[in-house]
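Residue-level structural notes
Single-letter residue listing:
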Amino acid sequence: MPKIFGARRGLPHEVGLGLLTLALLALVTIAFPRFLVIDNLKSLVDDTALLIMLAVGEMFVLLTRGVDLSVAANAALTGMVVALFNAHYPGAGILPVIVIAIVMGAALGLFNGFLVWKVRIPSIVVTLGTLSVYRGCVYLVSGGAWVNSGQMSPFFLSFVRFPILGISVLSWIGLLVAVLAFLFLRFTIAGRNLYAAGNNPNAAGYAGIDVGRMQCLAFVLSGAIAGLAGYLWVARFAVAYTDVASGFELQVIAACVIGGVSITGGVGGVVGVVIGGLFLGIIKNALPVVGISPFFQMAVSGFVITVAVILNAGSYRKNHGRKILERAEASS
Amino acid sequence: MSEPILSLAGVTKSFAGVRALVKGEIDLYPGEVTALIGENGAGKSTLVKILTGVHHADGGDIRFNGEPVHIGSADNAGRLGISAIHQEAVVFDDLSVAENIFVTDRPRKRGMVDWATMRERARVILAELDPRIDPRMPMRQLSVAQKHLVQIARALSNEARIVIMDEPTAALSHREVEELFTIVRRLKAEGRAILFISHKFEEIFDVADRFAVFRDGAAVGQGLIRDVSRDQLIAMMVGRSVDQVFPKTVVPIGEELFHVAGLSRGEEFADVSFGLKRGEILGVYGLVGAGRSEVMQAIFGLTRPDHGEINLEGRSLKIRAPEDAIGAGIAYVPEDRQIQGGILRFPIASNIALPSLSHLSHRGFMRRADERALAEDYVTQLQIKTSGVGQRLEELSGGNQQKVVIAKWLATNPRVLIMDEPTKGIDVGAKTAVYRLMGEIVARGLGIIMISSELPEVMGLADRILVMRRGRLRATFTRAEATPESIVKAATDA
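Residues numbered from 1 in each chain as written. Chains lettered and ligands numbered in written order. Predicted model: local features only at pLDDT ≥ 70, side-chain atom pairs only at ≥ 80, totals over all residues. Heavy atoms only, no water.

Per an unreviewed UniProt entry, chain B is named Sugar ABC transporter ATP-binding protein, and its organism is Acidisoma silvae. What UniProt records for chain B under Subcellular location (unreviewed entry) is the sentence "Cell membrane". (UniProt positions renumbered as here; feature names shortened; annotations may be inferred.)

Per an unreviewed UniProt entry, chain A is named ABC transporter permease, and its organism is Acidisoma silvae. UniProt annotates chain A under Subcellular location (unreviewed entry) with the comment "Cell membrane".

This is the structure:
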């Protein structure tokens, strides 16, 4: 049962998914104790932090019945822009870099949101277009050249790696984003309206909520997070180029869906998305350790994702499918 | 006289505990047109859906040529030769006319669609209906009347023996209706049985041989059209005891609170003017499609009227969005509580608080304790039966869901409450509770505009009754002068 704030019935979806993730972790560790090495875990958490951040942003859009396919391209473009900024103004310090990343990401998100809200183009069409546009722009601003670690300032690179309590700043930022998103959805009017607009746009309209504005807001949030993730990404991998995070949007959406976010809007939460991201991260990191040939890794992870999604969809339909159908008939 | 080809006796159907059909009885005879008459919600559509296999009857007896049959699916209905022409032409707009005609049964050759045969057969059928329709035309390009003809063509291609027409004339011009009736007479002459649903008595007396009247989901009369008068039909339609117990609270009616002047919007409605006084319940009666909800949606800012003035307590209102209307003190309990009214998966507290969140928050952050307290207050006031305000709306009964939706709007502190079919689909006990609640609301000095298609409800509760037909106000009755006959006449007369 997917969960909406405050409504309780049976075990929340997150508990089941959490147990499944722990079981997965245990299974891999029992078979290959090497997996639970500190270094490996650190890299898993760092990888997953980026995935979780982007998935949290994506969740906002999914909640309002949209989809944002441009998150990875947004990250690539913003990452490239801040890398170039850093290369030209190496002494500017970390703050401008982060501000530029967030503002620029939000602006790219606003462009998506504007087209969805005011021009009324379906979000999948809009972001399919901007996905290519944004990635094309990476090439335009960089001229196709890479920005390598040699061109990046030490602070630019070391900021994300700086350990606090043994955990990198990158992971802390991921956690911070998740916590802020959780608080936003749970305690603000806008957060509540986001759920209302996605859950039942019709009733939301009657309640005085501008559904289009909520969709636009979701895109801005998704974009801002993607922009921030763009800086973190190029700093972590110490390189910026056109194909950064290419195709990553699909994993982002998968993490959301595994985490119980409904593709039809209005259902899902940060906790589920975080666990969904961890679940995916463990699979991706475990497969090479387990010794599955790289040729098969993609197929295996795809298979596991599909199973997770089917389980998720199954538990949902059991409670809802028939009822909704009958209701649709009764009201027709 | 021949035997009926299709005969229904004691057919029942409920949706989620609400009885839509209590006693569905009707006989259809080959070569005759039977008119099915009843108010909105009398069970006509449910009956049609059972005949066409969309819904399964819960109980009762359906006989086809005297043999008991079970219509389990649309496929079965088709095999029995039952074909329906729907009120809103149900067609595939982006497919061609020929494809629409043969949608269930494409002519095939070696497993592939045989386009040539399909077009040719379509041409032959259409030639007799309207030769101007080209089978290759996309459906989108046809007029509503032509779309009906294509549906008739579909029925003919299926060799339909029973043709159901659900308000086929609702969107047709006078001439188109004449053309349609010519075809209906032809179908009749060919020995097909026709079930004709209409609100227009003129048409019924023109084309029908028999009638069947439904009221509150039950058949209340059947017979030959020539044995009956129009007033007798109306009496059967509305005949239930209008003096049924309505807990009408007597409230002193105050000065004018709200006024609408010259409101018009496109084809939906024109030149609608009315006033509402403090303590008054204003009933708005009309048939489905008369434009009642459209007027209210425009007042509430869901759509923009082309012309017109809206005044509340002497101030002229500029309403661009529901937000403005809510802020000005107008609330709207919409017709469909599950789709428009509430958010089923939200807890009760969140539903009640939704339009009032700005009053329950501080700098954009909600005060969840206040939200809870507000919801609990209304749960007590309105006696909503629930295990707690954290319960999801979908888990409540229809009547309690409706109370939650009403609570949600009362919480916005409105001056004017618009209620669109406030007791639709809820059981009798819950209805009485809603009526009592309405009495309490007007006693506080609010005004209620109640759209209702149930005559006893309008007559039992309203202090004044407006009747709309085809987008215009046609009559106003005070509580004392209203009679069922005069109201129905104003709502149906062409």
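**As for the overall build of chain B**
From N to C terminus, chain B includes 17 helices and 24 strands. On C-alpha atoms alone, chain B measures out to a radius of gyration of 25 Å, which is about the 23 Å that the 2.2 N^0.38 rule sets for 494 residues. For the C-alpha atoms alone, the extent of chain B along its principal axes is close to 70 × 50 × 45 Å. In chain B, buried positions account for 56% of the 494 residues. By sequence separation, contacts in chain B at least 24 residues apart represent 66% of the contacts at least 6 residues apart. (Helix = DSSP H or I, 4+ residues; strand = E, 2+ residues; numbered from the N terminus. Rg over C-alpha atoms; globule rule 2.2 N^0.38 Å. Buried < 20%, exposed > 50% of the residue type's maximum accessible area, 1.4 Å probe, protein only. Contact = heavy atoms within 4.5 Å.)

**Digging into the domain arrangement of chain B**
Note on interface size: it is often stated as the accessible area lost on association of the parts. All names here are of chain B. What the domain assignment lists for chain B is domain 1 (6-238) and domain 2 (256-492). Domain 1 and domain 2 are separated by 35 Å when their C-alpha centres are compared. Contacts between the two partners involve eleven residues from domain 1, matched on the other side by 15 residues from domain 2. For the pair domain 1 and domain 2, the summed buried area comes to about 1,100 Å², and 57% of that belongs to carbon and sulfur atoms. Taken together, domain 1 and domain 2 are joined by zero residue pairs in polar contact (both at pLDDT 80 or more). Examining the composition of the side of domain 1 that touches domain 2, we find that four residues originate from one element, helix α8 (residues 230-238), more than from any other. Here the side of domain 1 that touches domain 2 is composed, by residue class, of five nonpolar, two polar and four charged. (Domains from an automatic or database assignment. Buried area = accessible area lost by both parts, 1.4 Å probe. Polar contact = N/O pair within 3.5 Å; in protein donor to acceptor, adjacent residues only side chain to side chain. Nonpolar A, V, L, I, M, F, W, Y, C, P; charged D, E, K, R; others polar.)

**Some remarks on the environment of I448 of chain B**
Residues and elements named next belong to chain B. For I448, the position within the fold is in strand β22 (residues 447-451). Separated by 289 residues in sequence, I448 and E159 place their C-alpha atoms 52 Å apart. When near neighbours in sequence (up to four residues on either side) are disregarded, I448 contacts L276, E280, I281, L282, L417, M419, M438, I441 and V442.

**Quick look at the packing of helix α1 (residues 13-31) of chain A against helix α12 (residues 270-290) of chain A**
When two helices pack together, their arrangement is given by the angle between their axes and by how far apart the axes lie. All names here are of chain A. Closest axis-to-axis distance for the α1/α12 pair is 10 Å, and the angle between their directions is 15°. Put simply, α1 runs roughly parallel to α12. Read as a crossing pair, α1 and α12 show a hand that is left-handed. Contacts between α1 and α12 involve E14, L17, G18, L20, T21, L24, L25 and V28 from the first element and V271, G272, I275, G276, L278, F279, I282, I283, A286 and V290 from the second. The residue inventory of the contact of α1 with α12, partitioned by class, reads 13 nonpolar, four polar and one charged. (Axes fitted to C-alpha atoms, helices over the stretch in contact; angles between N-to-C directions. Parallel < 35°, antiparallel > 145°, perpendicular 65-115°, else oblique. Left-handed = near helix turned anticlockwise from the far one by under 90°.)

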